[in-house]
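Next come the chains, spelled out residue by residue.
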Amino acid sequence: MAKTEPAPRERVDWWQGSTMTLLLLILISFILYPILRVLWVSLSEDRGGLTLVHFANFYRRPLFREALVNTLWSGSLVVFFSALMAVPLAYVIARYEFRGKLLLQTAATLPLVIPPFVGAVALQLILGRSGMVNLLLMRWFDTNIPFMEGLSGVVLVQTLHYFPFIMLNTAVSLSNIDASMEEMAENLGAHGLRLFRLITLPLMLPGFIAGSLLTFIRAIDDLGTPLMLNYKNLLAPQAYLRITTIGIHDVDGYVVCVVLVALSLTTLLAARKYLSLAEYATTHRGMPISRPLRGNKLALVLILSSVILGISLLPHLGILLLSFSKVWSFSLLPTVYTLDNYADILLRAPHFVLNTLLYTLLAAGFDVLLGAAIAFLLLRSRLRGRNLLDAIATIPLAIPGVVLAVGFLRVFHGWNFPVVDAPLTSTWFILVIAYTMRRLPYTVRASYAALQQVHVTLEEAAQNLGANRLKTFLKITLPMITGGLVAGGLIAFVTSCVELSATIMLVPRIEMGPISYGIYIYMQSALGRGAGAALGVVTILLVSAGTYLTHRIFGGRAGNAFRV
Amino acid sequence: MPQAAQVRLENIGKRYGEIWAARYVDLHIQRGEFFTFLGPSGCGKTTLLRMIAGFVFPDEGMIFLDDQPVSHVPPWQRDVGLVFQNYALWPHMSVFDNVAFGLRERKVPLKEIERKVAEALEMVELKGTEKRRPSELSGGQQQRVALARTLVIQPRALLLDEPLSNLDAKLRVEMRLELLKLQRDLGLTTIYVTHDQEEALAMSTRIAVMEKGKVVQVGTPREIYELPINEFVAGFVGQSNLFSGKILRLAESSLAVEIDDELIIHAAWAAVATRVTLGDSIFLTIRPEAIQLTKSASGPRETNQIEGEVIAAVYRGALIEYELRAAGKTIKVHAINPKGKPSYLRGEKVFASFASEDVVLVPIT
């Protein structure tokens, strides 16, 4: 036994207090402050006073007005078409047992492993003006359908990429509905469609709406797809173009950024509200409903699902073909096959892959550390400022990558950061910081959920039996939360691999670019498309591996990672 | 208005894979009866209830409501009210909408619905909660809303699936009485599922004790408690001292059972329900509260009397629970209403005596 009697409470509080201060310092410097600077620029006049004149100008310019309307319209269309695909799939997966269900479930999440801008290129080859489908249409019917032209191309690509978000959220909501909820309604005389409308639909709605809002945020935040399809009349590409072509001092770019943030922040808050409503469906613990499915009904379900999934897997197919093709132009399929593309990206320009591994693994590591520390303070301390910490750590969910990047450029450009002795924006580390901050909400959520499972009494029991704080943490807490931490880190890793909207603005020099940047650069020229596709395939493999591991660790709860 | 019905199960069987969740179940539940399925978890009692409600269709046998076969009628056409263990109140509806649900399904006019819902809520003493959400009510209140929701449609039978198990002990006893009063007042045929033998004894007109999918014994609470038909019922319903022995002698008013060559217990013929012959192996049970403790030997020869040592004594207010060691056996004794009576300490020598009428013979199956 210790001879002296230390005052453990005070020491712990001091320790927690300094951690909290450090965390707040980091989050404020790299999240809150850059965004406030963007807001500030959009609101200040030349002489330094506050003004709304820039927003008035924004509204007066037809180009911006159109971009705003287009953004809202395309986001809504993406949600609408995604829902058409997602809800039937979610219902089938949540409510029926049948052979091939696991396959269907897996296939339905595959769209998530292909970055939307990669999918955009692949779909060009299949559905584009001189793509496979239109060539056939020309040959047989002497007509073509402009699937990929303008806004419809963006909507198509984003729908095929984002519908799993709606599906996963809806399925979770559905399977959380206790069987007795519906049985009671049957007992009192309701059945069939009426029962669905009165009981099932209202109970699954919160999950569906939350998923839809999430999809909306993702869609309006997506910069890569419109750039790849060369459709610029949306808010995200407008912000990007203003800053990159006119310059960092162009106020209009900042105004566009603020409008974007306002849109996604509103949407995020709405999603939160609906998810808190969704909790009520889960208060009762009982058996969810799952019925066997056979015969004609099964056949119908399988055919319908195959059609939906077949379409959503087209991009994967296209990109794979392209990566092995030497020439694929104005023909149904590639005319000459080759392995050169892979040689190109692995031997001649391996830095894209290596950079991605370096940046994303570093970012994932930081995210796990920060996320665990934040979750710990949120759950186990009574310090003031916890809510502020929570709020700032959540903000990145609603901050488009473009906006964060603009903020970073504004704040860190032009002065030498201590230690590195150069502007942060001229080092590759700025990318690591951007990834860390953008994906932080995921690890905070994962750590929070994991730590919540460790009831304080479990730690107290260990201490009661003689383990000190450190031993308790190492032997009880850490083993119990490791799974959650790793899963959170994997999600950060996977989603960083496909990050383009901040990357594209922040890459200091081309040789410092990660894989997503490489794909973008390669795709700019017809000759580079094959190599770009090969990089795309590498990305898909990285993301698949990460997603697979997440599923292994998270099990059936993996879908939770993609919720708000 | 639908009349309370009698419920008849004929040779009911339900199989899940290789396992029969229920089999050979023949029961005739009278109109207005409070009938309980009692058994440990997994004995098939809930499956039976769900078959009566129509959520599960039997693989064998027939179910009748009055004389109308309903085995394969879907749940929404059966008119039997079910109250779930977790209440199953819909969280997205107000209390009013929850209670009104069944009436709306039956296309009752709006005025009528309002009147009936108000009546039902008054009946369970929840007037004024119409606009609230279920989550704003306490557990006991939610339970009563669930009851009102089912009663308001005047079901032909009321099915209750462990409805009191989520309430705390005191509330449970209160709800028991309230439920019984409602049932009697409305004359409802009630089928009650529980694993709590005390609850079953207190509430039922008749009990069916179930084990592994079969009905082992059907009878009034008194019959079940006083004349258990086998070892399982004797052990499951109430506490008892259970010994196995051999029939040693048959006399005019009683018979003698020898236990392990060292103890002879006399049982009165009046309390023997089974057919026995000399030399049979048999179980016998004695309820703990039927045994008296005295400091010294006494009583006529015919009374069973065993000398033993107190190895545990637990004071419980209404009674003292003793455990004795006697003739190599452990014997449980409950001394009822111990106030002012002598009590015994651990290690004390005592005599345990009980009347031959309190010994129940149970065949070995």
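Conventions we followed
Residues numbered from 1 in each chain as written. Chains lettered and ligands numbered in written order. Predicted model: local features only at pLDDT ≥ 70, side-chain atom pairs only at ≥ 80, totals over all residues. Heavy atoms only, no water. Pairing = 2+ DSSP bridges. Helix = DSSP H or I, 4+ residues; strand = E, 2+ residues; numbered from the N terminus. Salt bridge = Lys/Arg side-chain N within 4 Å of Asp/Glu carboxyl O. Buried < 20%, exposed > 50% of the residue type's maximum accessible area, 1.4 Å probe, protein only. Axes fitted to C-alpha atoms, helices over the stretch in contact; angles between N-to-C directions. Parallel < 35°, antiparallel > 145°, perpendicular 65-115°, else oblique. Contact = heavy atoms within 4.5 Å. Buried area = accessible area lost by both parts, 1.4 Å probe. Polar contact = N/O pair within 3.5 Å; in protein donor to acceptor, adjacent residues only side chain to side chain. Core = buried A, V, L, I, M, F, W, Y, C linked by side-chain atoms within 4.5 Å. Domains from an automatic or database assignment. 1 Å grid on protein atoms, 1.4 Å probe; cavity = no way out; pocket = protein on both sides within 12 Å on 5 of 7 lines; lining within 4 Å. Points joined across faces, edges and corners; volume = space filled by probe spheres on them. Nonpolar A, V, L, I, M, F, W, Y, C, P; charged D, E, K, R; others polar.

(A) Spatial organisation of the pairing of strand S11 (residues 241–250) of chain B. Residues and elements named next belong to chain B. Inspection of the sheet shows S11 paired to strand S14 (residues 281–286) by 6 bridges, in the antiparallel sense. The residue of S14 that forms the bridge with Lys246 is Ser281. Summarising the sheet, S11 and strand S12 (residues 254–259) pair through 4 bridges and their orientation is antiparallel. By the bridge assignment, Ile247 is partnered in S12 with Val257. If you look at the hairpin formed by S11 and S12, you'll find 3 residues sitting between the two strands.

(B) Broad picture of the pattern of salt bridges. Residues and elements named next belong to chain B. As enumerated under the stated definition, the model contains 28 salt bridges over all chains in all. The partner of Asp185 in a salt bridge is Lys181, and the shortest N-O contact between them spans 3.6 Å. In this pair, Asp185 and Lys181 are both assigned in helix H5 (residues 169–186), 4 residues apart and thus about one turn of the helix distant. Taken individually, Asp185 and Lys181 each receive the classification exposed, so the pair is uniform in this respect. Close ionic contact of Glu348 with Lys295 constitutes a salt bridge, the shortest N to O distance being 3.1 Å. Of the two residues, Glu348 is situated in the loop between strand S18 (329–336) and strand S19 (349–354) and Lys295 in the loop between strand S15 (292–294) and strand S16 (304–315); the sequence distance between them amounts to 53 residues. Classification of Lys295 as partly exposed rests on a relative accessible area of 46%.

(C) Region of the structure containing the pairing of strand S17 (residues 319–326) of chain B. Residue and element names in this part refer to chain B. In this structure, S16 lies alongside S17, joined through 6 bridges in antiparallel fashion. Along S17, the bridge assignment pairs Val314 with Glu321. As paired elements, S17 and S18 share 8 bridges and run antiparallel to each other. Pairing of Leu324 across the sheet is with Ile331, part of S18. Linking two consecutive strands that pair antiparallel, namely S17 and S18, is a turn of 2 residues; a positive phi of about 50° is found at Ala327 within it.

(D) Geometry of the packing of helix H2 (residues 53–60) of chain A against helix H3 (residues 62–95) of chain A. All names here are of chain A. In contact at an axis separation of 5 Å, H2 and H3 are set at 80° when each is read in the N-to-C sense. The angle between H2 and H3 falls in the class roughly perpendicular. Touching Phe58, Tyr59 and Arg60 of H2 are Pro62, Phe64, Arg65 and Leu68, all from H3.

(E) Region of the structure containing the interface of chain A and chain B. Counting residues at the interface gives 19 residues for chain A, matched by 23 residues for chain B. Buried area between chain A and chain B, both sides added, is near 2100 Å², and the carbon and sulfur share of it is 61%. Area buried by chain A at its contact with chain B is led by Met184, Asn187 and Leu188 of chain A, which between them contribute 33% of it. Put simply, chain A and chain B have 2 salt bridges between them. Counting every contact that joins chain A to chain B gives 11 residue pairs in polar contact (both at pLDDT 80 or more). Listing elements by their share of the side of chain A that touches chain B, those giving two or more residues are helix H8 (179–187) and helix H9 (192–221) of chain A.

(F) Main features of the nonpolar core. Ranked by internal contacts, the top residues of the largest apolar core, which has 150 residues, are Leu27, Ile374, Phe408, Ile504, Met505 and Leu506 of chain A. Residues in contact with Phe408 of chain A, not counting those within four places in the same chain, are Phe30, Pro34, His413, Thr425, Ile430, Ile433, Ala434 and Leu506 of chain A. Counting residues in hydrophobic clusters, the runner-up holds 80 residues, among them Leu203 of chain A together with Tyr87, Val117 and Tyr192 of chain B.

(G) Up close: the sheet that holds strand S2 (residues 19–29) of chain B. Residues and elements named next belong to chain B. Here 4 strands make up an open sheet; going across it, the order is S2-S1-S4-S5 and the pairing antiparallel. Every interior strand has two partners, whereas the edge strands, S2 and strand S5 (68–69), have only one. As defined by bridge partners, strand S4 (residues 60–65) adjoins S5 across 2 bridges and the pair is classed as antiparallel. Paired with Leu65 across the two strands is Gln68, which belongs to S5.

(H) Representation of the sheet that holds S12 of chain B. Residue and element names in this part refer to chain B. A sheet is described by the order of its strands in space; here 5 strands give the open sequence S13-S12-S11-S14-S20, paired in antiparallel fashion. Of all strands in the sheet, those with a lone pairing partner are strand S13 (263–268) and strand S20 (359–363), marking the two edges. When strand polarity is set aside, the average angle formed by the axes of neighbouring strands in this sheet is 45°.

(I) Summary view of the domain arrangement of chain A. Residues and elements named next belong to chain A. With domains assigned, chain A is organised as domain 1 (13–48 + 339–564) and domain 2 (67–91 + 115–318). Averaged C-alpha coordinates put domain 1 and domain 2 at centres separated by 24 Å. Of the residues lining the interface, 35 residues belong to domain 1; the matching set on domain 2 comes to 38 residues. Summed over both sides, the interface of domain 1 with domain 2 buries roughly 3400 Å², with 78% coming from carbon and sulfur. Viewed at the interface, domain 2 and domain 1 are joined by 1 salt bridge.

(J) Structural context of the environment of Gly489 of chain A. All names here are of chain A. Assignment of secondary structure puts Gly489 in helix H21 (residues 469–497). The sequence separation of Gly489 and Gln105 amounts to 384 residues, and the corresponding C-alpha distance is 23 Å. Those residues in contact with Gly489, other than ones at most four positions away along the chain, are Ala364, Val368 and Thr443.

(K) Looking closely at unusual backbone geometry. Residues and elements named next belong to chain B. One non-glycine residue, Tyr24, adopts positive backbone phi at about 55°. The phi torsion at Glu125 lies on the positive side, around 60°, for a residue other than glycine. Within the element layout of this structure, Glu125 appears in the loop between helix H3 (110–123) and helix H4 (139–151).

(L) Highlighting empty space enclosed by the protein. Residues and elements named next belong to chain A. Inspection of the entire model under this criterion finds 6 cavities of 30 Å³ or more. Of the pockets and cavities examined, the largest cavity occupies roughly 480 Å³. Contributing to the lining of the largest cavity are 28 residues, with Tyr162, Arg218, Arg439, Thr495 and Val498 lying nearest its centre. Of all the elements in the fold, those that place two or more residues in the lining of the largest cavity are helix H5 (116–127), helix H7 (150–175), H9, helix H19 (429–453), H21 and helix H24 (529–554). Residues that form the lining of the largest cavity fall into these classes: 17 nonpolar, 5 polar and 6 charged. When residues of the lining of the largest cavity are assigned to domains, at least three fall in each of domain 1 (13–48 + 339–564) and domain 2 (67–91 + 115–318).

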